[in-house]
Structures are given as C-alpha cells and as structure tokens.
Amino acid sequence: MLKEIQAKAEKEMRKAIEATLKGFNGVRTGRASLALLDGVMVEAYGSAVPLNQVGTLAVPETRLITVQPWDPSLLTAIERAILKSDLGVTPGNDGKVIRIAIPSLTEERRKDLVKVVRKIAEEGRVAVRNARREANESLKRQEREKEASEDDVKHGVDMVQDLTNRLIHEIDGLLAKKEKEIMEF
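Here is a short report on the structure shown in this document. (Residues numbered from 1 in each chain as written. Predicted model: local features only at pLDDT ≥ 70, side-chain atom pairs only at ≥ 80, totals over all residues. Heavy atoms only, no water.)

## Some thoughts on the packing of helix 1 (residues 2–25) against helix 4 (residues 150–183)
So, point 1. For the pair helix 1 and helix 4, the least separation of the axes is 10 Å and the interaxial angle reads 10°. Taken as axis vectors, helix 1 and helix 4 run roughly parallel relative to one another. Counted together, L2, Q6, E10, M13, R14, I17, T20, L21 and F24 of helix 1 and D152, G156, M159, V160, L163, T164, L167, E170, I171, L174, L175 and K178 of helix 4 form the full contact between these two elements.
So, point 2. When the residues that make up the contact of helix 1 with helix 4 are grouped by side-chain class, the tally is 12 nonpolar, 4 polar and 5 charged. (Axes fitted to C-alpha atoms, helices over the stretch in contact; angles between N-to-C directions. Helix = DSSP H or I, 4+ residues; strand = E, 2+ residues; numbered from the N terminus. Parallel < 35°, antiparallel > 145°, perpendicular 65-115°, else oblique. Contact = heavy atoms within 4.5 Å. Nonpolar A, V, L, I, M, F, W, Y, C, P; charged D, E, K, R; others polar.)

Spelled out as structure tokens, the structure:
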C-alpha cells in the first residue's frame, strides 16, 4: 500500500513537470517555434480546428514560421486566426503560403517573459508540493488505521520528500534553461 501511495505521488508530480514544460513551450523566445502556434484555432468547415490540422507548419529560418494550408480556401481563415491569437505577430500571405516573421524581443519584453516563466515554474512547484501533501496525508491515514507501522510511514514520508526535492530541483533547472533562452540575443 505504501508503494502505491508513493507511485501515485510520483505520477502526479511528473504530470506537474509536464504541465510546466508545456507552459514554458508556449512562451515565445526570440526564435521561431511551432509550440507558439499550439493554441491557435482556425474556423474551418463549420468548426474550430487546431492550426496544425489544416496545414503543414514549418520553421525554415530561426525567425520565420510558414503555414502551408492543405486547402487553399482556408488561407484567410488561418490568417484571421493567427491575428486573433494575441501572439504579437503579423502573418504575411502570398496566395499559397502564410509566413509569420517572429520579431526580435526588446529587453523590457524579455524581462516580462522571464516573469511569466517564473510564475509558470512556481505553479509547477506548487503542484508538486500538493502531490507531496496528498501522499503524506494518505501515509498518515494508513498509520491511523493501523495498516502501516510508524517506521514505515516515516520511511514513506522521507521517500516522498526526497522525490519532491528532486523534482523541484528539476523544475528549477528547466526554469534556468528557459530564462537563459529568453535572455540570449
């Protein structure tokens, strides 16, 4: 039972790290990244469809993303969706391909983005700590219900704490890497 509690806690903590990474990928740096367009939904065929399901996305240069729609009649809908997405980019349309030039970031904007990624990292840390708290409560419940000894519970709490420390350290490393990526010119 103790192993199950620890495994569940680790699973929840790993989900928190994945969510943190996904949040980091959504923050634009000075480089073009297809993750930037993940949340863009296009009105196509009567419903909202993710951009990557209506065309081919590519990054031919470090500051350029291209979108080549499979159906040329969707060019204006794709362009409209990119403009509505509040990404701070303006798409250019040549009749076949949409080109999205990624402007270089100002120093002030870089500092704002660092604040955003720090907030995302803190949310990840909080999620990891919440998983630790739930695991510790489950372990203590096991002790109260006489399903585990005091030593087993103490050992379980220590193991969960070690896991928490390791994963928070991992989030801090991911944050440092992302901050460096944002601040480099």
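The structure having been displayed, the exposition proceeds.
## A closer look at the nonpolar core
So, point 1. The biggest cluster of nonpolar side chains holds 28 residues, and the ones touching the most others in it are M13, F24, V27, V117, V128, L139 and I182.
So, point 2. Contributing elements (two or more residues each) for this core: helix 1, helix 3 (107–144) and helix 4.
So, point 3. Ignoring sequence-local partners within four residues, the contact set of V117 consists of F24, V27, L175, K178, E179 and I182.
So, point 4. Judged by nonpolar contacts, the second largest core, of 23 residues, contains V40, A44, A81 and I82. (Core = buried A, V, L, I, M, F, W, Y, C linked by side-chain atoms within 4.5 Å. Buried < 20%, exposed > 50% of the residue type's maximum accessible area, 1.4 Å probe, protein only.)

## Topic: the side chain of T20
So, point 1. Note that T20 resides in helix 1.
So, point 2. Once you skip the residues sitting within four places of it in the chain, T20 turns out to touch I120, A121, G124 and I171.

## Some remarks on the sheet that holds strand 4 (residues 64–69)
So, point 1. Pairing is antiparallel across the open sheet formed by 4 strands, whose spatial order is 3-4-6-5. A strand with exactly one partner marks an edge of an open sheet, and here the two such strands are strand 3 (55–61) and strand 5 (91–93). Averaged over all pairs of adjacent strands, the angle between their axes in this sheet comes to 25°, without regard to strand direction.
So, point 2. Relative to strand 6 (residues 98–101), strand 4 is paired through 4 bridges, and the arrangement is antiparallel. Bridge pairing links I65 to I100 in strand 6. (Pairing = 2+ DSSP bridges.)

## A short note on helix 2 (residues 75–84)
Residues separated by three or four positions in an α-helix point in the same direction, a consequence of the helix having 3.6 residues per turn.
So, point 1. All buried positions along helix 2 are accounted for by L75, A77, I78, E79, A81 and I82.
So, point 2. Looking one or two residues past helix 2, D86 carries a phi angle of roughly 60°, positive in sign.

## Some words on the pairing of strand 1 (residues 41–44)
So, point 1. Residues V42 and A44 line the buried face of strand 1, whereas the alternating positions M41 and E43 sit on a face that is not buried.
So, point 2. With 4 bridges connecting them, strand 1 and strand 2 (residues 47–50) associate as antiparallel partners. Within strand 2, the residue paired with A44 across the bridge is S47.

## Observations concerning the pattern of salt bridges
So, point 1. By the definition in use, this model includes 12 salt bridges.
So, point 2. With a shortest N-O distance of 3.1 Å, K119 and E123 are connected by a salt bridge. Of this pair, K119 and E123 both sit in helix 3, 4 residues apart, which is roughly one turn of that helix.
So, point 3. Shared partners join several salt bridges into a network, and the residues in it are E122, R125, R129 and D172. (Salt bridge = Lys/Arg side-chain N within 4 Å of Asp/Glu carboxyl O.)

## Regarding the packing of helix 3 against helix 4
The relative placement of two packed helices comes down to the angle between their axes together with the axis-to-axis distance.
So, point 1. Remark: helix 3 packs on helix 4, axes separated minimally by 10 Å, with the N-to-C direction vectors making an angle of 170°. Relative to helix 4, helix 3 is oriented roughly antiparallel.
So, point 2. The residue makeup of the contact of helix 3 with helix 4, split by class, is 15 nonpolar, 5 polar and 12 charged.

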